[in-house]
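Commentary on secondary and tertiary structure
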Amino acid sequence: MTAEQYRRISAPFRGKRRARALRLVDRVLSALCYVTYPVCLLLLALGQDARLRAAIAVPGVSFVVISLFRRFYHAPRPYELLDIEPVIYKETAGKSFPSRHVFSAFVIAMTYLWLCPGLGIVFLMFGAALAVCRVIGGVHFPRDVLAGAAMGVLSGVIGYWVIY
């Protein structure tokens, strides 16, 4: 993505109201994943569901692996490389590839898909919307969110349908 391409896709969100709306959608979608996941684990624990261990291990282990990879790979963010003003403000330098927000949304969606397919499909759509927000917001390149989504799905498939 070039600076001009970014300016083109973010132009509709440059107004104060639309920028605020994009940041709100980004926060709400992230919060939905991060708030509902512990609730899901709590419900599994209360129901003494045998799937609880996998529902903790698959996202947990894969999150640690992704975080370690990002720490060493240290890819710059669009606002660092392209000299752009992002719509979603962040002070983080590097650690852009893969998007951990999108990865987390997708691995949590895969957890829900494994536990309750209908809910999983809804959360996969939330993850896709979050990926779009992160690119339009200027905090990730398209490759970052695509890699995060793919790694989240792959972690879920391997963890839930191959290992467990």
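See the structure printed just above.
All of the points below concern the structure found in this document.

What counts, and where the lines are drawn
Residues numbered from 1 in each chain as written. Predicted model: local features only at pLDDT ≥ 70, side-chain atom pairs only at ≥ 80, totals over all residues. Heavy atoms only, no water. Helix = DSSP H or I, 4+ residues; strand = E, 2+ residues; numbered from the N terminus. Rg over C-alpha atoms; globule rule 2.2 N^0.38 Å. Buried < 20%, exposed > 50% of the residue type's maximum accessible area, 1.4 Å probe, protein only. Contact = heavy atoms within 4.5 Å. Areas by Shrake-Rupley, 256 points an atom, 1.4 Å probe, with all protein chains shown as cover. Lys, Arg positive; Asp, Glu negative; His and termini not counted. Charge placed at Lys NZ, Arg CZ, Asp CG, Glu CD. Core = buried A, V, L, I, M, F, W, Y, C linked by side-chain atoms within 4.5 Å. Axes fitted to C-alpha atoms, helices over the stretch in contact; angles between N-to-C directions. Parallel < 35°, antiparallel > 145°, perpendicular 65-115°, else oblique. Left-handed = near helix turned anticlockwise from the far one by under 90°. Disulfide = S-S within 2.5 Å. Salt bridge = Lys/Arg side-chain N within 4 Å of Asp/Glu carboxyl O.

1. Structural notes on the overall build of the protein chain
For the protein chain, the count of helices and strands is seven helices and zero strands. In sequence order, the protein chain lays out its α and β elements as α-α-α-α-α-α-α. In terms of C-alpha radius of gyration, the protein chain reaches 17 Å, essentially the compact-globule figure of 15 Å for 164 residues. Here the C-alpha coordinates of the protein chain stretch approximately 50 × 35 × 20 Å along the principal axes. Going through the 164 residues of the protein chain one by one, you find that 44% of them count as buried. Taking the contacts inside the protein chain whose residues are at least 6 apart along the sequence as the reference set, 74% of them involve residues at least 24 apart. Of the accessible surface of the protein chain, which amounts to about 8,800 Å², a share of 68% is contributed by carbon and sulfur atoms. Here the protein chain contributes 19 positively and 8 negatively charged side chains, and the mean placements of these two sets differ by 5 Å.

2. Here we look at the nonpolar core
Of all hydrophobic cores here, the largest spans 27 residues; its most connected members are V102, I108 and Y112. For this core, the element with the most residues is helix α5 (residues 100-115), which contributes ten residues. Beyond its immediate sequence surroundings of up to four residues, Y112 is in contact with T36, Y37, C40, P117, L119, G120 and F123. With 13 residues, the next largest nonpolar core counts A3, A19, Y79 and I88 among its residues.

3. Brief notes about the packing of helix α2 (residues 16-46) against helix α6 (residues 117-136)
Interaxial distance between α2 and α6 falls to 9 Å at its minimum, and their mutual angle equals 140 degrees. As the angle between them shows, α2 and α6 are arranged oblique. As α2 runs across α6, the sense of the crossing is left-handed. Together, L22, V25, D26, L29, S30, L32, C33 and T36 of α2 and F123, F126, A129, L130, C133, R134 and I136 of α6 make up the contact between the two elements.

4. Considering the state of the cysteines
Tallied over the entire structure, the rule returns zero disulfides. Of the cysteine sulfurs around C116, a residue in no disulfide, the closest is that of C40, at 9.2 Å. We classify C116 as partly exposed; its relative accessible area is 38%. The thiol of C133 is unpaired, and the distance to the nearest cysteine sulfur, on C33, comes to 12 Å. Residue C133 is classed as buried on the basis of its relative accessible area of 6%.

5. Observations regarding the pattern of salt bridges
Side-chain pairs of opposite charge can arise whenever the charged atoms involved come near each other. The full count for this structure, using the stated rule, is three salt bridges. A salt bridge links R134 to D26; the shortest N-O distance between them is 3.0 Å. On the criterion of sequence distance, the pair formed by R134 in helix α6 and D26 in helix α2 is long-range, its members being 108 residues apart. Each member of the pair R134 and D26 is classed as buried. For D144, the salt bridge goes to R143, with nearest N and O atoms at 3.3 Å.

6. A short note on unusual backbone geometry
The omega torsion across F97 and P98 is -15 degrees, close enough to zero to call that bond cis. Its identity as a non-glycine residue notwithstanding, H74 has a phi of 50 degrees, on the positive side. Within the secondary structure, H74 sits in the loop between α3 (52-73) and α4 (78-81). Positive phi, close to 55 degrees, is recorded for K95, a residue that is not glycine. Tracing the backbone shows K95 in the loop between α4 and α5. When its relative accessible area of 34% is taken as the criterion, K95 is described as partly exposed.

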